[in-house]
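Coordinates in review
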Amino acid sequence: MIDKEKVEAAVRLLLEGIGEDIHREGLVETPARIARMYEEIYGGMDEDAALHLSKTFQVDSHEMVLEKDITFYSTCEHHLMPFYGKAHVAYIPDGRVLGLSKLARTVETFARRLQIQEQLTVQIADALMEHLAPRGVMVMMEAEHMCMTMRGIKKPGSRTVSIATRGVFEGDMQLQNTFFQMIR
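Residues numbered from 1 in each chain as written. Predicted model: local features only at pLDDT ≥ 70, side-chain atom pairs only at ≥ 80, totals over all residues. Heavy atoms only, no water.

**Re the overall build of the chain**
To keep it simple, the criterion reads: Each helix is a run of H or I in the DSSP string that is no shorter than four residues. Each strand is a run of E no shorter than two, and both are numbered from the N terminus. Each residue gets one of three labels from its accessible area relative to the maximum for its type: buried under 20%, exposed over 50%, partly exposed in between, using a 1.4 Å probe on protein chains only. Throughout, a residue-residue contact means that at least one pair of heavy atoms, one from each residue, lies within 4.5 Å. Note on areas: these come from Shrake-Rupley sampling with a 1.4 Å probe, and a residue is covered only by the protein chains present in the view.
A tally of helices and strands in the chain yields 7 helices and 7 strands. The order of α-helices and β-strands along the chain, N terminus first, is α-α-α-β-β-β-β-α-β-α-β-α-β-α. Seen through its C-alpha atoms, the chain measures out along the principal axes to roughly 65 × 35 × 20 Å. Taken across its 184 residues, the chain has 42% of its residues classed as buried. Considering only intrachain contacts with a sequence separation of at least 6, the fraction spanning at least 24 residues in the chain is 70%. Summed over its atoms, the accessible surface of the chain is roughly 10,400 Å², and 53% of this surface lies on carbon and sulfur atoms.

Written out as structure tokens, the structure reads:
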């Protein structure tokens, strides 16, 4: 749960720390705006992915299910700057499939936290394995990190790619190649 009062006090201190006048017209309501925004962009901290992954349907198929190009936005826990991109999530059902929106909701649950991309990728894969129990899962995330674009090395357009494989995807290069062909 976001403590809005603490966030507002911290934003005031931050503004003063960078030399701003917190009583300036454009900044008077900024601490409250930031606190409300944090409730939205960090709302995944209070969510359990199991809630989204509990809505399943019986199937006889064991063919790959892929939801690709899931847009996500997250915040780097090292610099508190955004990173954003696309997630591609696949699984091989073992008798059950998810409702289509549930993969995107799972991505969003974990993305709306202070994160690093590598951890985000693994959390999605592990949640699917734990709550859906498919034969296997593969997650690939591609993201641009503002901490590399706006500061430091300043390389706009560079993208970080992270992959997590579980179950039958782990040792099956043909299955992984099918995944890569499907997302292109």
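**Overview of the packing of helix α1 (residues 4-17) against helix α2 (residues 30-41)**
Angle between the axes and distance between the axes are the two parameters that describe a pair of packed helices. Selection rule: Comment: axis = line fitted to C-alpha atoms, over the contacting stretch for helices; angle = value between 0 and 180 degrees taken between N-to-C directions. Reported orientations rely on four angle classes, namely roughly parallel under 35 degrees, roughly antiparallel over 145, roughly perpendicular from 65 to 115, and oblique for the rest. A clockwise turn of the near helix away from the far one marks a right-handed crossing, whereas an anticlockwise turn of less than a right angle marks a left-handed crossing. Basically, the charged four are Asp, Glu, Lys and Arg, the nonpolar ten are Ala, Val, Leu, Ile, Met, Phe, Trp, Tyr, Cys and Pro, and anything else, Gly included, counts as polar.
With their axes 8 Å apart at the nearest point, α1 and α2 run at an angle of 130° to one another. The orientation of α1 relative to α2 falls into the category oblique. The handedness of the crossing between α1 and α2 comes out as right-handed. Of the residues in α2, those touching α1 at Lys4, Val7, Glu8, Val11, Arg12 and Leu15 are Thr30, Pro31, Ala32, Ile34, Ala35, Arg36, Tyr38 and Glu39. Of the residues that constitute the contact of α1 with α2, the class distribution is 8 nonpolar, 1 polar and 5 charged.

**Notes on the packing of helix α4 (residues 101-111) against helix α5 (residues 117-132)**
It is the contact of α4 with α5, at a shortest axis distance of 10 Å, that shows an interaxial angle of 135°. Classified by the interaxial angle, the pair formed by α4 and α5 is oblique. Here α4 and α5 pass one another in a crossing that is right-handed. Contacts between α4 and α5 involve Leu103, Val107, Phe110 and Ala111 from the former and Leu120, Gln123, Ile124, Ala127 and Leu128 from the latter. Taken together, the residues of the contact of α4 with α5 break down into 8 nonpolar, 1 polar and no charged.

Any functional reading would require information beyond the geometric quantities listed.
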